[in-house]
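So the chains spell out like this:
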Amino acid sequence: MTADLQSADIHLIQRILPHRYPFLLVDKVVDIDGIQSARGIKNVTMNEPHFQGHFPGTPIMPGVTIVEAMAQTAGVMLGVALDMIDRDLLIYFMNIDKCKFRRKVIPGDVLEMKVEILRGKPGGKIFKFKGIATVEGETAAEAEFTAMVDVQKD
């Protein structure tokens, strides 16, 4: 792991992931345990663009963005653990399984995404993860997802 780093703030996240506003969906990642597990934090705010249409008068974070936030958390975990900082890392969804939504996520919530690796190893390109997103300890969503890691060549 990069200098035994166990967390990533927004500046480090942007050095790992290519995502930017409005699609950067994780504010920090903490409790990074190599490629084994990590916990992402997303502060949900009313000024996010999806709330304009999802739904007017009753803003609810779309479920697909919750799953994407879990995947971005996993991407940061891999970036830190595999020393992929400043390496033009791209990660592509390959599969999403066992996806369930349990609770609405609304502005003012703090979404916590706990991800753990189910399959994959350093040097590999394919990784499978399990993610659980919670708000105040209550499960909002869960899924297993597979992703391919690609490092852009200069």
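This structure is a prediction, so every number in the text was calculated from the model and none was measured. (Residues numbered from 1 in each chain as written. Predicted model: local features only at pLDDT ≥ 70, side-chain atom pairs only at ≥ 80, totals over all residues. Heavy atoms only, no water.)

S.K.: Can you explain the packing of aromatic side chains? Please cite residues and give values.
M.R.: As enumerated under the stated definition, the model contains 3 aromatic pairs in all. Their ring planes at 80° and their centres at 6.1 Å tell us that Phe 93 and Phe 145 sit as a pair that is edge-to-face. In this pair, Phe 93 is assigned in strand S3 (residues 89-101) and Phe 145 in strand S6 (residues 138-151), connecting sequence segments 52 residues apart. For Phe 93, a relative accessible area of 36% corresponds to the partly exposed category. (Phe/Tyr/Trp six-rings, centres within 6.5 Å; stacked < 30°, edge-to-face > 60°. Helix = DSSP H or I, 4+ residues; strand = E, 2+ residues; numbered from the N terminus. Buried < 20%, exposed > 50% of the residue type's maximum accessible area, 1.4 Å probe, protein only.)

S.K.: Could you give an account of helix H2 (residues 63-81), naming the residues involved and the relevant values?
M.R.: An ideal rise of 1.5 Å per residue puts 27 Å on 19 residues; H2 measures up with 27 Å between its terminal C-alpha atoms. With its phi angle positive at about 55°, Asp 83 sits one or two positions after the end of H2. (Expected span 1.5 Å × (residues − 1).)

S.K.: How would you sum up the pattern of salt bridges? Please name residues and give values.
M.R.: Tallied over the entire structure, the rule returns 9 salt bridges. The shortest N-O distance in the salt bridge between Arg 39 and Glu 112 comes to 3.1 Å. Taken together, the residues Arg 39 in strand S2 (residues 37-43) and Glu 112 in strand S4 (residues 110-119) connect sequence positions 73 residues apart. In this structure Glu 112 comes out as partly exposed when scored by relative accessible area, which is 29%. Of the charged contacts, one joins Asp 109 and Arg 103 as a salt bridge, the two residues approaching to 3.2 Å between their closest N and O atoms. Since its relative accessible area comes to 10%, Asp 109 is described here as buried. (Salt bridge = Lys/Arg side-chain N within 4 Å of Asp/Glu carboxyl O.)

S.K.: Explain the sheet that holds S2 residue by residue, including any values.
M.R.: Read from one edge to the other, the open sheet built from 6 strands follows the order S1-S2-S4-S5-S6-S3, with strand pairing classed as antiparallel. Looking at which strands have only one partner, the edges of the open sheet turn out to be strand S1 (28-33) and S3. For this sheet, the mean inter-axis angle between neighbouring strands, taken without regard to orientation, is 25°. With 10 bridges connecting them, strand S5 (residues 126-135) and S6 associate as antiparallel partners. (Pairing = 2+ DSSP bridges. Axes fitted to C-alpha atoms, helices over the stretch in contact; angles between N-to-C directions.)

S.K.: Summarise the side chain of Thr 146; cite the residues concerned and give the values.
M.R.: Relative to the elements of secondary structure, Thr 146 occurs in strand S6. Using a relative accessible area of 10% as the deciding quantity, one classes Thr 146 as buried. Every residue in contact with Thr 146, bar those within four places of it in the chain, is listed here: Tyr 92, Phe 93, Met 94, Asn 95, Ile 126, Phe 127 and Lys 128. (Contact = heavy atoms within 4.5 Å.)

S.K.: Before we move on, can you summarise the pairing of S4 with the specific residues and values?
M.R.: Where S2 meets S4, 7 bridges bridge the pair, whose relative direction is antiparallel. Paired with Gly 40 across the strands is Met 113, a residue of S4. Here S4 runs beside S5; their pairing, made up of 8 bridges, is antiparallel. Considered in S5, the bridge of Lys 114 is made with Ile 132.

S.K.: Break down the side chain of Lys 128 for me, with residues and values.
M.R.: Here Lys 128 shows up in strand S5. Looking at Lys 128, its side chain comes within polar contact range of the side chain of Glu 144, at 3.5 Å. (Polar contact = N/O pair within 3.5 Å; in protein donor to acceptor, adjacent residues only side chain to side chain.)

S.K.: Before we move on, could you go through the environment of Leu 78 and cite the residues and values that matter?
M.R.: Along the chain, Leu 78 turns up in helix H2. Each C-alpha atom of the pair Leu 78 and Phe 127 lies 9.5 Å from the other, and the pair is 49 residues apart in sequence. When near neighbours in sequence (up to four residues on either side) are disregarded, Leu 78 contacts Ile 35, Asp 83, Met 84, Phe 127, Phe 129 and Val 149.

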